[in-house]
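Architecture at a glance
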Amino acid sequence: MSLLQLSNVSGGYGPVQVLHGIDLAVEEGHVAVVLGANGAGKTTTLRAISGVIPTRGEILFDGRPINGRRPEAVARLGIAHVPQGRGTFTELTVEDNLRVGAVNRRDDQIESDLARWFEVFPRLGERRHQLAGSMSGGEQQMLALARAMMARPRLLLLDEPSLGLAPLVTRDLFAHLGELNRQEGLTVLVVEQNANLALEVGHWGYVLESGRIVVQGPAAQLHDDESVRKAYLGF
Amino acid sequence: MSAPVDKSDTTVEAPAAGDGAGTAPAGTPPLWPPVPARVRAVRVVIGVVLAAAALYAPYYFEPATNRLLSQALYIAIAAMGLNLLTGFNGQVSIGHGAFFGVGAFTTAILMVDHGWTFELTIPVAAALSALVGLAVGFPALRVRGLYLALITLGLAVLFPRLTMKYVDGTGGVALLRPARSQFDSLLTFLDDDQWAYGLCLVALVVLGVLARNLVHSRMGRALVAVRDQEIAATTVGVNLAATKVTTFAISAAYAGVAGSLSVMVDRLADGTNPILYFQRSIEFLVAVVIGGSATILGPVVGALLLVALRRNTEDLIEGKEVLAPALYGAALIAIVFVLPDGVVGGFRRLLARWAAAPSNQEDH
Amino acid sequence: MNLFTEQVLNGVGNGVVYGSVALALVLIFRTTSVLNFAQGEMALFSTYISWKLTTEGLPVVGAIALSAAIAFVGGAVIERLLIRPVEEARSPLNVVIVTLGLFLGLNSLAQLVFGTDPQLMPSPFPSGEVAGIDKDTIGLIVVLLAECALLWLLLQKTRIGLKLRAVASNPESSRLHGINAGTVLMLGWALSAAIGAIAGSLVASERTGFDASLMQQILVYAFAAAALGGFDSLIGAVVSGLIIGVADALTIEYVEALDGIEVVLPLGLILVVLLVRPNGLFGKRTVERV
């Protein structure tokens with residue numbers, strides 16, 4: 001049974017429906033990639049999972065239905081969502097940002113986790129008492145990732161992490177992502193326009209077009225398939 | 001800003017490219033959406049009916065009501081001006097009462113101390129208010145949203161103090177009452193109160209048309225661009241400072257004209273009340289919001305609604321006058337709840353929905 | 001003592017009043033990002049409740065504490081019923097209108113329920129002076145400092161405080177981290193209402209009588225103090241209140257030219273400070289993110 005399963009999910013914004021019957025599954029320990037052009041419905045898919053928008057159809061997390069639940073509730077089930085724009089708490093310090101990630105945890109390992117992420121992302125450690133809003137895009141993305149990880153989530157939803165980032169920084173980011181997946185068995189659903197990098201890290205890929213899944217398959221296959229690449233992925 | 005969830009049920013475009021990144025704040029009406037022919041027809045009909053009513057009103061009503069209507073009209077003018085600054089340009093001001101006061105006292109002083117004819121004082125009042133607006137607009141560049149609102153609030157509080165100190169009216173207080181005769185109707189077939197109403201109406205229409213033209217011009221786009229995304233606006237060549245300061249000056253001028261007209265309608269310029277101009281500022285803001293910001297007609301509707309509300313809550317409870325502000329406050333809250341886009345905004349949505357209904361669809 | 005010192009102390013007395021209301025304003029802004037025009041009138045209503053409780057026989061401190069508790073609940077209710085539906089909808093201007101509506105409504109309601117005659121609010125502090133300063137004033141300063149300290153501890157060192165700050169900074173993102181933004185906002189309003197209740201009651205107790213106009217003169221100065229200190233600094237609000245109070249008193253005494261328009265001073269002060277430090281004297285909010 002997949003960790004996350006969407007069955008015939010439709011939804012959107014008021015009278016404008018964006019998703020039309022999406023079927024999608026993410027296996028535990030996998031990195032699933034959702035690709036597509038602007039306006040295809042990638043971000044909306046993540047919002048649907050998080051409960052930010054109302055949906056029809058079924059969304060199962062670990063076998064239990066979560067559609068219709070409020071975002072706070074979905075998050076507490078162990079789903080961490082890094083939105084587009086990174087969701088930085090700009091008026092809080094870097095350290096406080098990370099603590100927000102752990103705000104619902106009751107265990108005693110929060111401090112050690114904090115130390116750990118400062119080690120993995122040394123630049124965050126250097127700026128731990130700085131206001132998060134003063135950091136660059138790339139640093140904020142790292143911060144968002146670390147903050148999401150502070151919640152020790154079972155599923156990580158990432159919305160276009162490469163947006164606005166320099167290529168080297170993006171490469172770095174996906175490298176971290178890959179490591180987290182390999183070392184921790186973190187399950188990830190990443191939505192991206194930068195298909196190349198995402199598919200290299202991913203296990204399974206979906207291509208979204210106008211709110212429908214048009215192609216899916218093993219990531220490596222999608223990456224290498226000439227026709228798919230040309231038609232949908234632009235490279 | 002955080003990813004906006006557009007819960008509106010208008011037929012406005014869905015969050016476009018990128019599913020929400022960097023678009024205008026949720027709920028902002030699209031700039032100039034194409035207006036379907038059906039809707040345009042309805043608007044024309046409404047416009048004609050309103051115009052007829054507006055022209056006929058002064059003959060039908062008695063002077064006291066005409067006075068009320070005239071008040072609504074000059075409040076509408078000030079609100080329109082404020083809307084240019086706040087609704088279209090995004091600079092929140094709680095100080096337009098001060099510009100209003102500048103206009104009022106310019107007129108009053110010219111009339112009382114120098115014997116000017118009322119009508120000639122209006123342009124001077126406008127010019128002076130514009131100058132003050134300019135003077136405020138410059139430092140306003142440096143100050144953001146919240147703080148700007150508070151500084152302008154300070155202006156509204158400061159103004160009556162200035163008048164109390166420097167203006168010498170009848171009996172030594174800062175109250176100026178130009179003689180009744182100075183407001184005589186210039187047209188023989190109109191009574192004084194009808195003349196006052198007429199002047200206000202003409203001013204409103206003229207300034208309204210000007211506002212509309214401004215908003216639809218390049219300058220207008222610049223205004224809105226500055227409101228929505230300042231940095232982006234500069235990249236397309238908008239001179240940020242010039243736009244913001246000019247808008248301030250223009251909107252102050254509107255308030256000044258309103259103030260000037262108020263001297264005719266109310267027959268006085270009152271500088272003795274320390275919170276009067278603050279109250280005026282709030283009035284204008286309320287008119288803008290409940291009428292519908294970022295629309296031309298909104299402030300007008302808002303002003304009418306405001307005066308009507310105030311009048312009715314005052315009349316409603318005999319003997320318990322102290323309850324009137326509570327009812328008034330409750331009414332304001334209710335309106336904002338039911339019509340978050342203001343009356344005009346809500347009306348437009350209704351019209352759009354009606355026009356989009358399958359039975360009303362035209363073949364395109 | 002000489003005139004100067006006397007005026008300074010006078011100013012401190014007033015300044016403390018401004019600072020106490022400014023504190024509530026800043027608190028609610030820091031936790032909910034709302035500029036609450038009704039803050040003064042909410043405090044007024046609570047003050048009347050405190051007074052009413054003392055007439056029913058409660059000791060002053062108990063009355064104020066109970067009134068603060070009632071205000072706590074009242075603030076939460078106001079947020080849930082009146083503010084939240086509007087905040088989720090459109091522009092922040094709508095929320096401003098609601099607070100204005102509240103301003104009018106609460107003031108008139110207070111007059112209706114409690115009457116328009118001036119009332120006497122007993123003081124929890126002993127009477128007399130210490131080194132020329134009223135014990136009332138000292139008491140108020142001590143209370144304010146204690147409030148600042150407690151609030152600081154709450155906001156900076158507790159989990160709920162972190163939630164409060166997170167929601168104020170980015171409500172949407174907070175939700176995605178499992179924070180119930182709605183509950184947190186209610187808490188923000190509840191706390192400021194309670195602080196306001198204490199401020200109003202103590203301010204009223206310093207005077208020889210209070211009525212429904214108690215807060216109206218103060219509110220503008222309180223806003224000025226909040227702005228001067230920078231809207232996200234609690235201690236800044238208190239200090240700025242003092243600055244404005246003292247500056248005002250000195251201006252009244254020494255600057256003839258500004259006679260009658262002393263209010264120019266706090267305004268001018270704010271303007272100058274904001275031009276140099278757009279976030280206020282103590283503020284540290286990052287200005288617009290693109």
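Structure first, text after, so check above.
Residues numbered from 1 in each chain as written. Chains lettered and ligands numbered in written order. Predicted model: local features only at pLDDT ≥ 70, side-chain atom pairs only at ≥ 80, totals over all residues. Heavy atoms only, no water.

Comments concerning the pattern of salt bridges
Applying the stated rule across the entire model yields 22 salt bridges over all chains. Note that glutamate 72 of chain A is salt-bridged to arginine 175 of chain C, the shortest N-O span being 3.9 Å. Residue glutamate 72 of chain A is located in helix H2 (residues 71-76), and its partner arginine 175 of chain C is located in helix H7 (residues 171-176); the two belong to separate chains. We classify arginine 175 of chain C as buried; its relative accessible area is 15%. What emerges from the salt-bridge pattern is a single network uniting Arg67, Asp266, Arg280, Glu283 and Arg310 of chain B. (Salt bridge = Lys/Arg side-chain N within 4 Å of Asp/Glu carboxyl O. Helix = DSSP H or I, 4+ residues; strand = E, 2+ residues; numbered from the N terminus. Buried < 20%, exposed > 50% of the residue type's maximum accessible area, 1.4 Å probe, protein only.)

What about the packing of aromatic side chains?
A full pass over the atoms with the stated rule returns 12 aromatic pairs over all chains. When the ring of phenylalanine 105 of chain B is compared with that of phenylalanine 159 of chain B, the centres are 5.9 Å apart and the planes differ by 65°; the resulting orientation is edge-to-face. Note that phenylalanine 105 of chain B is positioned in helix H3 (residues 96-114) and phenylalanine 159 of chain B in helix H5 (residues 145-166), a separation of 54 residues in sequence. This pair shows no difference in class: phenylalanine 105 of chain B is buried, exactly as phenylalanine 159 of chain B is. Geometrically, the ring pair formed by phenylalanine 45 of chain C and phenylalanine 114 of chain C is edge-to-face, given 5.7 Å between the ring centres and 70° between the ring planes. Remark: phenylalanine 114 of chain C occurs in helix H4 (residues 92-114) and phenylalanine 45 of chain C occurs in helix H2 (residues 39-55); sequence separation between them is 69 residues. (Phe/Tyr/Trp six-rings, centres within 6.5 Å; stacked < 30°, edge-to-face > 60°.)

Details of the nonpolar core
Residues Leu261 of chain B together with Phe223 and Phe231 of chain C are the most contacted members of the largest nonpolar core, which totals 189 residues. Those residues in contact with phenylalanine 223 of chain C, other than ones at most four positions away along the chain, are Leu150 and Leu153 of chain B together with Leu25, Leu35, Asn36, Phe37 and Phe231 of chain C. Membership of the second largest hydrophobic core comes to 43 residues, among which are Val94, Ala146, Leu177 and Leu199 of chain A. (Core = buried A, V, L, I, M, F, W, Y, C linked by side-chain atoms within 4.5 Å. Contact = heavy atoms within 4.5 Å.)

Concerning the sheet that holds strand S5 (residues 64-65) of chain A
Read across the sheet, 4 strands follow the order S2-S1-S4-S5 (chain A) without closing on themselves; strand pairing throughout is antiparallel. The open sheet has two edge strands, strand S2 (16-26) and S5 of chain A, and neither has a second partner. (Pairing = 2+ DSSP bridges.)

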